[in-house]
Amino acid sequence: MHTLTADPNTVVLAGDLLDWATLKTNQIGTLIKLVVGVMVLAAVAMAYWRTKSWVATLVAFLLGALVMWGIANLPSLQTKVGSEIEDTASASAQVPGPGSGDVRALL
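Residues numbered from 1 in each chain as written. Predicted model: local features only at pLDDT ≥ 70, side-chain atom pairs only at ≥ 80, totals over all residues. Heavy atoms only, no water.

**Focus: the overall build of the protein chain**
For clarity, the threshold we go by: Only DSSP runs of H or I reaching four residues or more are called helices, and only runs of E reaching two or more are called strands; each is numbered from the N terminus. Three exposure classes are used, based on accessible area relative to the maximum for each residue type with a 1.4 Å probe and protein chains only: buried under 20%, partly exposed in between, and exposed over 50%. Values of accessible area rely on a 1.4 Å probe in the Shrake-Rupley scheme; residue burial ignores everything except the protein chains shown.
Broken down by element type, the protein chain carries 3 helices and 0 strands. Start at the N end of the protein chain and walk to the C end: the helices and strands fall as α-α-α. Expressed as a percentage of the 107 residues in the protein chain, the buried residues total 8%. For the protein chain, the computed accessible surface area is about 9100 Å², with 70% contributed by carbon and sulfur atoms.

Pasting the structure below:
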C-alpha cells in the first residue's frame, strides 16, 4: 500500500485502493462469521446450562447452524430472493377492468 506524500511524482493507483478495500471487506466478513460462531456456541452452552435438556440444546444448535449457514450463503440468498421477486412480477395475473367490455368476467 502506498502512502500519500508531498512528492508530486508519486502516483497512487486506484487499483491499490480497491485491493485494500477488498482486503478489508473480506477481513470484516471473516470477523463477523467468527463472532457469530462464538455467539452460537455461547447460546448452545447457555441452552444446556439453563435447561439441562438435550432436546433444547439440539434445537439451539440447529437454529445456530441455520443462522451461520444463512450468513455464510448471504450472496446466493440475495440473488435467489431477487430472482423470485422478478419472476413473480413478470407472471402477474391479468384482471379485467371496467372498460374491458366483458361484464361476465367480472361476475
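**Section: the packing of aromatic side chains**
Here is the rule we go by: Think of it this way: a Phe, Tyr or Trp ring, Trp meaning its six-membered ring, pairs with another when their centres are within 6.5 Å, and the plane angle makes it stacked under 30 degrees, edge-to-face over 60, tilted otherwise.
Counted by the stated rule, this structure contains 1 aromatic pair. Relative to W54, the ring of Y48 lies with its centre 5.0 Å away and its plane at 40°, an arrangement referred to as tilted. For Y48, a relative accessible area of 33% gives the class partly exposed.

**Focus: the nonpolar core**
Operational definition: Only buried Ala, Val, Leu, Ile, Met, Phe, Trp, Tyr and Cys residues count toward a nonpolar core, and they belong to the same one when joined by side-chain atoms within 4.5 Å.
Core analysis: the largest hydrophobic core is formed by 5 residues, namely V36, V40, V44, A47 and A60. The biggest single contributor to this core is helix α1 (residues 14–51), with 4 residues.

**Some words on the layout of surface pockets**
Counted only if it meets this: With a 1 Å grid spanning the protein atoms alone, the term cavity applies to any set of points in which a 1.4 Å probe fits but cannot get out, the term pocket to an open set with protein on both sides within 12 Å along at least five of seven lines, and the term lining residue to any residue with an atom within 4 Å of a point. Grid points are joined across faces, edges and corners, and a volume is the space filled by probe spheres set on the points. Residue type decides the class: Asp, Glu, Lys and Arg count as charged, Ala, Val, Leu, Ile, Met, Phe, Trp, Tyr, Cys and Pro as nonpolar, and the leftover types, Gly among them, as polar.
Put simply, the largest pocket is a space of about 190 Å³. Lining the largest pocket are G29, I32, K33, I71, A72, L74, P75 and Q78. Secondary structure elements with two or more residues in the lining of the largest pocket: α1, α2 (54–72) and α3 (74–90). For the lining of the largest pocket, the class distribution of residues is 5 nonpolar, 2 polar and 1 charged.

**Focus: the confidence of the model for the protein chain**
Where we set the bar: A score from 0 to 100, pLDDT tells how confident the predictor is in each residue.
Averaged over all residues, the pLDDT of the protein chain equals 80, while 69% of them reach at least 70. Across the protein chain, element-level confidence peaks in α2 with a mean pLDDT of 95 and bottoms out in α3 with 73.

**With respect to α2**
Put simply, the rule is: Given the number of residues in a helix, its expected span is that number minus one, multiplied by 1.5 Å. This arc corresponds to the set of directions leading from the helix axis out to the C-beta atoms. In protein, a polar contact requires one atom able to donate a hydrogen and another able to accept it; more generally it is a pair of N or O atoms within 3.5 Å, and residues adjacent in sequence count only if both atoms are side-chain atoms.
For α2, which comprises 19 residues, the first-to-last C-alpha distance of 26 Å matches the rise-based estimate of 27 Å (1.5 Å per residue) to within 8%. Looking only at α2, the buried set comprises T57, A60, G64 and G70. Buried residues of α2 fall within an arc of 155° about the axis and therefore sit on the same side. In α2, the exposed positions that point more than 90 degrees away from the buried face belong to W54, V55 and L66. For α2, the N-terminal cap is S53; the gap from its side-chain oxygen to the backbone nitrogen of V55 is 3.3 Å.

**Digging into the side chain of T57**
Selection criterion: When checking whether two residues touch, look at their non-hydrogen atoms; a contact exists if any pair is within 4.5 Å.
Examined against the element boundaries, T57 turns out to sit in helix α2. Reaching out from T57, the side chain makes a polar contact with the backbone oxygen of S53 at a distance of 2.8 Å. Other than its neighbours up to four places away in sequence, T57 contacts V44, A47 and Y48.

**Topic: a nonpolar patch on the surface**
Keep this limit in mind: Each patch is built from residues that are more than 30% exposed by relative accessible area and take part in no salt bridge. Like charges join if they lie within 9 Å; nonpolar side chains (Val, Leu, Ile, Met, Phe, Trp, Tyr) join within 5 Å. In what follows, salt bridge is the name for a side-chain nitrogen of Lys or Arg lying within 4 Å of a carboxyl oxygen of Asp or Glu.
On the surface, a cluster of nonpolar side chains totalling about 500 Å² of accessible area is made up of L31, L34, V35, V38 and M39. Relative to the elements of secondary structure, V35 occurs in helix α1.

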